[in-house]
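# Structure assessment
Listed below are the residues making up each chain.
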Amino acid sequence: NDFCEFSNEGDLDLTIEDITVTGFRDDDNEWFPLDVVEIDIKVKNNGNENVKNVEVEWCLFDNENKKCVLDDNENDFKLNDGDDNTITVKFTVDPDKLEKEVSDYTFFARATGKIDGGDLKGEKSCASNSEDVEVMLESDFVVLDIDNIQSDELNECGSEAVISANV
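All values derive from a computational prediction rather than experimental measurement.

Rules of the game
Residues numbered from 1 in each chain as written. Predicted model: local features only at pLDDT ≥ 70, side-chain atom pairs only at ≥ 80, totals over all residues. Heavy atoms only, no water. Helix = DSSP H or I, 4+ residues; strand = E, 2+ residues; numbered from the N terminus. Rg over C-alpha atoms; globule rule 2.2 N^0.38 Å. Buried < 20%, exposed > 50% of the residue type's maximum accessible area, 1.4 Å probe, protein only. Contact = heavy atoms within 4.5 Å. Areas by Shrake-Rupley, 256 points an atom, 1.4 Å probe, with all protein chains shown as cover. Core = buried A, V, L, I, M, F, W, Y, C linked by side-chain atoms within 4.5 Å. Disulfide = S-S within 2.5 Å. Pairing = 2+ DSSP bridges. Axes fitted to C-alpha atoms, helices over the stretch in contact; angles between N-to-C directions.

A count of helical and extended segments in the chain gives zero helices and 10 strands. Counted from the first residue to the last, the chain has its helices and strands arranged as β-β-β-β-β-β-β-β-β-β. For a compact globule of 167 residues, the expected C-alpha radius of gyration is about 15 Å, and the chain comes in at 21 Å, more than 25% above that figure. Counting all 167 residues of the chain, 34% fall into the buried class. Nonlocal contacts in the chain, meaning residues at least 24 apart in sequence, comprise 67% of its contacts between residues at least 6 apart. Summing over all exposed atoms, the chain offers an accessible surface of approximately 10200 Å²; the carbon and sulfur share of this is 36%.

Attention shifts here to the nonpolar core. Counting residues in hydrophobic clusters, the biggest one holds 32 residues, and the most contacted among them are W31, I39, I41, F91 and F107. Dropping the residues within four chain positions of it, I41 is found in contact with L14, T15, V56, N85, T86, I87, V89, F107 and A109.

Per the stated rule, a full pass over the model turns up two disulfides. Across a sulfur-sulfur distance of 1.8 Å, C59 and C68 are joined as a disulfide pair. Taking the sign of the torsion about the S-S bond as the criterion, the disulfide between C59 and C68, at about -110°, is left-handed. C59 gets classed as buried once you look at its relative accessible area, which sits at 1%.

The antiparallel open sheet is built from three strands, whose spatial order is β1-β3-β6. Two strands close off the open sheet at either side, each with one partner strand: β1 (12-22) and β6 (84-92). When strand polarity is set aside, the average angle formed by the axes of neighbouring strands in this sheet is 20°. As paired strands, β1 and strand β3 (residues 36-45) are joined by 10 bridges and run antiparallel to one another.

In structure tokens, the structure reads:
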């Protein structure tokens, strides 16, 4: 359950502030292939020392197969004591990365950094958080990712169009 590999000596706090999904559903915890997901992740330094080289990493974890299917990281930054920073990650739910008949996923995020002063200078610090999500893979549901539409006459009945898309 913990996405961190070491302790949180710097007293970082990571919260998943907001999940916004653009796609097929109104529920931000139910995702479909090709949905565009935006997640605000807030990192706060609750400690007494500055933390440098803070990096935020995230992973969409397949709970059945025990592996990350989508992941990335955001550039590092510095957090002085008492400061916070919110980053927004944006990604498309890639159907090529998903396993058939698996719908149970967890979005994990973690922030890591190095303490930049005091007795713990140079020690690593890590905070993590997660959100359960369901990825909907229905057998009778088809999603088109349209690359290009070519038509001589637009929006007229009986006219022909050529559509290039991934299905």
